[in-house]
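Architecture and fold: a report
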Amino acid sequence: MGFGKLRLFFSRLFVILIFQFSFSEYYMGQHPCHLKRDYSPTYTKEGDIVIGAFLSLFRKSDFKMDKYSFKSSPAFVRVNIGYMLKHYQHFLTVQFAVDEINKDPHLLPNVTLGYQFLNNFHLSHLAVESSLIWLSGKGPTIPNYSCGGQHKSMVVIGGMSSKLSMAMATLLGLYKVAQLSYGSFDLLLSDEVLYPYVYQLGSRESTLHLAAVQLMLYFGWTWVGLVISDDPTGEQFFRNLKEEMALNGICLAFTERAPELFQEDYEVIKLMSRILGSSSNVIFIYGTTDSLGEISELFHDHKFYGKMLITSTSWDFSADSRNARMSNFHGTLILSHLERVIPGFTDFLRNVHPRANPEDIFTKSYLEVVFECTLSEISSIGIIYEQCDENISFALVPPIYLNNLIIGRNSNIYNGIYLFACALHHMLQTEAKDVSEFAANPLLSWKLHHFLKCVNPANRIKDDLCGDGTSMTAETYEVLNFKSFPDNISVEVKVGEVIPQEKVLSINEEDIDWPEDFPQIPSSKCSEACGPGFRKQLREGQPICCFDCTICPDGKISNKTDAEECMQCPEDQYPSQEKDRCLPRTVTYLAYEETLGMILASSAFCFSILTTFVLGVFVMHRDTPIVKANNRSLSYILLTFLSLCFLSSLLFIGRPTPAICILRQTTFAIVFTVAIASILAKTITVVLAFRATKPGSQLRRWLRPAVSHALIFICTLIQMCLCSIWLGTYPPFLEMDTHSEASFIVIQCNEGSLVTFYCVLGYMGFLALVSFTLAFLARKLPDTFNEAKYLTFSMLVFCSVWIAFLPAYQSTKGKAMAAMEIFSILVSSAGILICIFAPKCYVILLRSDRNTLGKLKNKANT
């Protein structure tokens, strides 16, 4: 025996046990058909086929027995009867649908439908009793007894909750009676092994979690609390909702599973503290009216300040419509299935009057409770009131007790009756038998199940693809806003619509009344949103909705709210100061037009002109002793190339090109090498001049100009070889520097091979160091013919400048790098010019009396 069959066996065994305890309420007469009960309200409208309607208008509670006996005792029984006034519309919907079908000439033209109302007091064991009453045809009796003659029933509709439906199905299923359950969809009832003859009319709400997430996203609620019913349906919804929330970046602040009954008071306190203590301002509540009964009482009795509720119509928190504390739910948003408007119901209500059907005890009881008056000498509710006005009608019933539209469970009842009518219509057409044969023969009536699965009540046609009546369709939800007003008046106003599968959401925010604690749209976030320019940094060990905002690092931006990562700007753009957008970079270089470029270029031109002037002075005074005494040919070479050194710095100013990048460093290197080699030759000449003073000295042949020129050529040739190697291996090239200056693209020359670049500089430094050493050693020779001191100072300045240049050059970027090299060229060249030639120009131009051979000889003798 399979597990499902075992469950079915024990369920039906449980029904038999219920019978045993239920019979303790009755006393047995002389025949099974004469079981009597103190109060068994029912109302029947005859027809060819009678629909059994198991509804809930009254509610029994606090049913107690003698603690020492299983038998009930009048002294120990206390029965409280409550009124579920809002559910009276279920009775009216059955009447309206049946009357509408009976008037339809095309649907069941030769069949008259009737109905039998049975009130199950919203209790499972009384729902089983009502099933027994319906099966017997007269009153509570022993199973398999029929006390009402020919049985005209083929289908029942009920119950309002899954518990009632299960209780009814355990008995009705034995007789394969089709049961249309109009309550909320329940996964347990979809078990075809346990409940093969139960057809659920409620929607599966298969996309409710999608609609809820879209609503949360619309209002920016990313930190939400969840209260679900502690049953399989609640667990299924929790799994679906949690998965969809994770996909959309929404987190659960807490999840509470609410039992139908709290066993201990501390459980209620724990739940309240969890809800009130949560940092979430929005709470989604999912479950049915019965499964969340304790939660309903909790919210009715306590005001949850600072909390916004979202729910679905499965939880009808206003079921107890006489509760005066509905204001606690003011502002609640409700997701409801889009219901089609059923025309004619308002006109139907005008024709319903208690005096038209005096046997209808339900209408009579309902109006007496609502208006607190009596319609007859003896009140049906056992309370003495004044006589009701003769003009009493449903038009005077407050909206909280009666809705003029068929919506919610009323719509399920309406569709269920039409489902049965359409199935019966197609069955009669197929079988070609009289309806009385089906009602009398259970074997024939069982064929109804096939047609119930194959008829779509929406369009009332037969579906070729027969299923279980729960096909997946595109669901549409209305967003309702519950509004509570003084004098116990409340309404549900449509404020939006959601089509989850198409991700379509429309909300009219102006029509929404938020809870009193929220003057505007509530905010429910674990962390405030990170604005543009920041990125989210998750907190360790916390959900993804809890994070800190960190400013984007340099070079990156974020241009949206709650950015996960910062974006790198393109090469031709740079981040704004707020790091929220990329701005276009400006191309820049060391230009002649800017101040620094103008100063450096002017300085280069001025020093070049000054050098040319000095050269002119030397050429004009070439025959004077002071010019001749200092090897004038070397002085001419030195001055010429010093002028070129100043001019070579101009290659570092202006917009670079690939050709300029190659020329600037090599030109500077070769020109400077010639100048340093000239100084080296002058230094060697000075030293050798004092060593070759003896007659016949072999050193005199090294004092010839050709030797000095050869030295300069050799030194320059070595530098040219180094430059050729540089250009042949890894030459300088043009590059766009996007890192040196944030808002600019610096066009500059990259030296290419740094090794060869520093080899070129090092070679010039070597020549300068040799010149400095020789000049320093010759500094004490006779002053008149000796320029060694001036050469020493010039090389000291040159070496100092270029030694300082190396670290400065490495630490600068962009235009500053070019400016640093220009400055070093100008200062070192100016140092050589001033240290070597300033004293000579002073004598030539200002002290010409000292520039004579006699003066020089006298000074030498002295």
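Notes on the structure in this doc start here. From a predicted model like this one, the values you see are computed outputs, not experimental measurements.

A word on helix 10 (residues 361-371). In terms of burial, helix 10 is largely enclosed, as nine of its 11 residues are buried. If you check which residues of helix 10 are buried, you get Phe-362, Thr-363, Lys-364, Ser-365, Tyr-366, Leu-367, Glu-368, Val-369 and Val-370. At the N-terminal end of helix 10, a side-chain oxygen is found 3.2 Å from the backbone nitrogen of Phe-362, two or three residues along, and the residue is Asp-360. Two residues or fewer past helix 10, Glu-372 is found with a positive phi of approximately 50°.

Here we come to the sheet that holds strand 7 (residues 178-181). Strand pairing in a sheet relies on backbone hydrogen bonds, with the paired strands running either antiparallel or parallel. Ordered by their spatial adjacency, six strands build an open sheet running 1-5-2-6-7-8, and the pairing between neighbours is mixed. The open sheet has two free edges, formed respectively by strand 1 (42-45) and strand 8 (198-200), since each of these has just one partner strand. Recorded for the sheet is a direction-independent mean angle of 20° between the axes of neighbouring strands. For strand 2 (residues 49-55) and strand 6 (residues 153-157), the ladder comprises three bridges, and the chain directions are parallel. Paired with Gly-52 across the two strands is Val-156, which belongs to strand 6. Contacts from helix 11 (residues 409-431) reach strand 2, strand 5 (113-119), strand 6 and strand 7, with the element oriented near 155° to strand 6.

Throughout the structure, instances matching the rule amount to 12 salt bridges. One salt bridge connects Asp-554 with Lys-579, and the closest N-O pair in it is separated by 3.1 Å. Of this pair, Asp-554 sits in the loop between strand 20 (547-551) and strand 21 (556-557) while Lys-579 sits in the loop between strand 23 (573-575) and strand 24 (582-584), and the two are 25 residues apart along the sequence. A relative accessible area of 70% places Asp-554 in the exposed class. Judged by its relative accessible area of 13%, Lys-579 falls in the buried class. Residue Arg-581 is joined to Asp-580 by a salt bridge in which the shortest nitrogen-to-oxygen separation is 3.2 Å. Arg-581 sits in the partly exposed class, given a relative accessible area of 43%. The network of salt bridges with shared partners includes Glu-478, Lys-494 and Glu-497.

This brings us to the sheet that holds strand 25 (residues 586-588). If you walk across this open sheet you meet the three strands as 25-27-26, and the pairing is mixed. The open sheet has two edge strands, strand 25 and strand 26 (733-737), and neither has a second partner. Going from strand to strand, the sheet's axes swing by 25° on average, the running direction of each strand aside.

Let us now look at the state of the cysteines. Among covalent bonds in proteins, the disulfide is the one between the sulfur atoms of two cysteines. With the rule as written, the count across this model stands at seven disulfides. For Cys-530, the disulfide goes to Cys-549, at an S-S distance of 1.9 Å. Taking the torsion about the S-S bond as the criterion, the Cys-530 to Cys-549 disulfide, at about -95°, is left-handed. Of this pair, Cys-530 sits in the loop between strand 18 (504-507) and strand 19 (534-538) while Cys-549 sits in strand 20; the two residues are 19 residues apart in sequence, bridging distant segments of the chain. Assessed through its relative accessible area of 0%, Cys-530 is described here as buried.

Now for helix 2 (residues 88-103). If you check helix 2, its first and last C-alpha atoms are 23 Å apart, about what 16 residues at 1.5 Å a residue would give, namely 22 Å. The buried count for helix 2 comes to 13 of 16 residues, which makes it a mostly enclosed element.

This paragraph deals with unusual backbone geometry. For Lys-176, which is not glycine, the phi dihedral falls at a positive 55°. Within the secondary structure, Lys-176 is located in the loop between helix 4 (162-172) and strand 7. Look at Glu-205: it is not a glycine, yet its phi comes out positive at around 55°. With respect to the element layout, Glu-205 can be found in the loop between strand 8 and helix 5 (208-219). The class of Glu-205 is buried, set by a relative accessible area of 10%.

Attention now goes to the packing of helix 19 (residues 705-729) against helix 20 (residues 754-777). Close contact between helix 19 and helix 20 brings their axes to 9 Å; oriented N to C, the two are set at 170°. Put simply, helix 19 runs roughly antiparallel to helix 20. In this structure, helix 19 contributes Ile-714, Cys-715, Ile-718, Gln-719, Leu-722, Cys-723 and Trp-726 to the contact, and helix 20 contributes Thr-756, Phe-757, Cys-759, Val-760, Tyr-763, Met-764 and Leu-767. Tallied by class, the residues present in the contact of helix 19 with helix 20 amount to 12 nonpolar, two polar and no charged.

A word on the packing of aromatic side chains. Using the criterion set out here, one finds 37 aromatic pairs in the structure. Taking the centre distance of 6.0 Å and the plane angle of 25° together, the rings of Phe-96 and Tyr-414 count as stacked. With Phe-96 in helix 2 and Tyr-414 in helix 11, this pair connects stretches of sequence that are 318 residues apart. Exposure remark for Tyr-414: the relative accessible area of 3% places this residue in the buried category. By the ring-pair criterion, three or more aromatic residues cluster together here, those being Phe-668, Phe-672, Trp-726, Phe-757, Tyr-758, Phe-798, Trp-802, Phe-805 and Tyr-809. The ring of Phe-238 carries the charged tip of Arg-257 above its face, separated from the ring centre by 4.9 Å. Seen from the ring of Phe-547, Lys-536 lies directly overhead, with NZ or CZ sitting 4.9 Å from the centre.

A separate point is the packing of helix 17 (residues 632-648) against helix 19. The geometry of helix 17 relative to helix 19 is characterised by a closest axis approach of 10 Å and an angle of 25° between their N-to-C directions. By the criterion of interaxial angle, the relationship of helix 17 to helix 19 is roughly parallel. Listed contacts from helix 19 to Ser-633, Leu-634 and Ile-637 of helix 17 are Pro-705, Ser-708, His-709 and Ile-712. Across the contact of helix 17 with helix 19, the residue classes tally to four nonpolar, three polar and no charged.

Let us look at the pairing of strand 26. For strand 26 and strand 27 (residues 744-750), the ladder comprises five bridges, and the chain directions are antiparallel. Within strand 27, the position partnered with Phe-733 by the bridge is Asn-750. Here strand 26 folds back onto strand 27, and the loop between the two strands holds six residues.

A few words now on the environment of Phe-757. Tracing the sequence through the fold places Phe-757 in helix 20. Excluding its chain neighbours within four sequence positions, the residues that come into contact with Phe-757 are Gln-665, Trp-726, Glu-751, Tyr-809 and Glu-821.

Definitions and cut-offs
Residues numbered from 1 in each chain as written. Predicted model: local features only at pLDDT ≥ 70, side-chain atom pairs only at ≥ 80, totals over all residues. Heavy atoms only, no water. Buried < 20%, exposed > 50% of the residue type's maximum accessible area, 1.4 Å probe, protein only. Helix = DSSP H or I, 4+ residues; strand = E, 2+ residues; numbered from the N terminus. Polar contact = N/O pair within 3.5 Å; in protein donor to acceptor, adjacent residues only side chain to side chain. Pairing = 2+ DSSP bridges. Axes fitted to C-alpha atoms, helices over the stretch in contact; angles between N-to-C directions. Contact = heavy atoms within 4.5 Å. Salt bridge = Lys/Arg side-chain N within 4 Å of Asp/Glu carboxyl O. Disulfide = S-S within 2.5 Å. Expected span 1.5 Å × (residues − 1). Parallel < 35°, antiparallel > 145°, perpendicular 65-115°, else oblique. Nonpolar A, V, L, I, M, F, W, Y, C, P; charged D, E, K, R; others polar. Phe/Tyr/Trp six-rings, centres within 6.5 Å; stacked < 30°, edge-to-face > 60°. Lys NZ or Arg CZ within 6 Å of the ring centre and 35° of its normal.

Honestly, that's just the spatial picture; any functional story needs more than this.
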